[in-house]
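These are the residues of each chain, in order.
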Amino acid sequence: MYELEYNVGCSCMGLDGRVKIPAILNFIQDCNFRHLESIPKLMGYFHETNSGMYVSFREIVINRRPMLNEDIVMRTWGCGMRSMYGNRNTVIYDKDDNILVLSSEVGVFVDLSTGRPFRAPEDVADAIPIEEPLTTAYLQRKVTLPKVNPVFRDEVLVRKYHCDHYGHMNNAKYEEIAEEYLSDSFDIARVRMEYKKPAKRGDIIYVETFEDDEIFMVNLADKGGNSYAVIEFLGQRKEIEE
């Protein structure tokens, strides 16, 4: 298990005075990556073979969003490994060890030259410590779009500020784009994100939405309808004060 402490700063806050969901995703991503960096055999293999790990799926369950200047603790650990895929849990706690956010992720070994997944050698996979997974009930890994006609909402050009060191859109940016189309009255309790293919600088993302009272889904796709990412928000409508 890897642990990281953090004090929540003002750059993480949203319009409603709570930490933004993309900031929570960045907390989790930073903790996850530092955990990988703490495994010398794994990082050595990545450097030697120009490979890495992409997140293919992430689900977060929000009990409470951290507040401004709050001290939080993040703990992450590998909880499963099979061939080219690895499973991970990450939990964000407050200073009293109360759970704020739970996360379940699936990562895949990727050749960075080709973008193709591959099976890591057994000795490399075995270098990642595996612990028991969370017992929290998670939904299925595949985020399936409803078989109804979507509402086309927008076109988004992928720019430099969307991209990370892998040369494609950072995972948190997909959620940030998707969340823009949520009503202010929708209080997010859980987010599921399935990453299909990386969007790169210069790509055009076509935004389609599907919704009912408690579920809001966003398909971020190319012109041909092939998804870059599918994001599902679960929550409930709340009263908005005038």
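The coordinates are above.
Small disclaimer: the values here were computed from a predicted structure and weren't measured.

S.K.: What's the story with the layout of surface pockets in this structure? I'm lost.
M.R.: The rolling of a water-molecule-sized probe over the atoms marks out the regions of remaining empty space. Considered as a void within the structure, the largest pocket measures approximately 920 Å³ in volume. Contributing to the lining of the largest pocket are 42 residues, with Met53, Tyr54, Val55, Ser56 and Asn171 lying nearest its centre. Those elements that place two or more of their residues in the lining of the largest pocket are α1 (21–37), β2 (51–62), β3 (71–82), β4 (85–94), β5 (99–111), α4 (171–179) and β8 (186–195). Considering every element that reaches the lining of the largest pocket, the biggest residue donor is α1, with six residues. Of the residues assigned to the lining of the largest pocket, the class counts are 18 nonpolar, 13 polar and eleven charged. Approximately 670 Å³ is the volume found for the second largest pocket. As for the second largest pocket, its lining consists of 23 residues, and the residues nearest its centre are Leu15, Asp16, Glu179, Glu180 and Asp184. Listed by contribution, the elements that provide at least two residues to the lining of the second largest pocket are α1, α4 and β8. Top element by residues in the lining of the second largest pocket is α4. It accounts for four residues.

S.K.: What is the right way to look at the pattern of salt bridges in this model?
M.R.: Opposite charge on two side chains permits pairing when their charged atoms draw close. Tallying each qualifying case throughout the model produces 15 salt bridges. In this structure, Arg18 and Asp187 form a salt bridge, with 3.1 Å as the shortest nitrogen-oxygen distance. Pair noted here: Arg18 is in the loop between β1 (2–7) and α1 and Asp187 is in strand β8, with a separation of 169 residues, a long-range link. Residue classification places Arg18 among the partly exposed residues on the basis of a relative accessible area of 22%. Its salt-bridge partner being Glu105, residue Arg58 comes within 3.8 Å of it at the nearest N-O pair. Here Arg58, found in strand β2, pairs with Glu105, found in strand β5; they are 47 residues apart in sequence, far enough to count as distant. Of the two residues, Arg58 and Glu105, both sit in the buried class.

The rules behind each value
- Residues numbered from 1 in each chain as written.
- Predicted model: local features only at pLDDT ≥ 70, side-chain atom pairs only at ≥ 80, totals over all residues.
- Heavy atoms only, no water.
- 1 Å grid on protein atoms, 1.4 Å probe; cavity = no way out; pocket = protein on both sides within 12 Å on 5 of 7 lines; lining within 4 Å.
- Points joined across faces, edges and corners; volume = space filled by probe spheres on them.
- Helix = DSSP H or I, 4+ residues; strand = E, 2+ residues; numbered from the N terminus.
- Nonpolar A, V, L, I, M, F, W, Y, C, P; charged D, E, K, R; others polar.
- Salt bridge = Lys/Arg side-chain N within 4 Å of Asp/Glu carboxyl O.
- Buried < 20%, exposed > 50% of the residue type's maximum accessible area, 1.4 Å probe, protein only.

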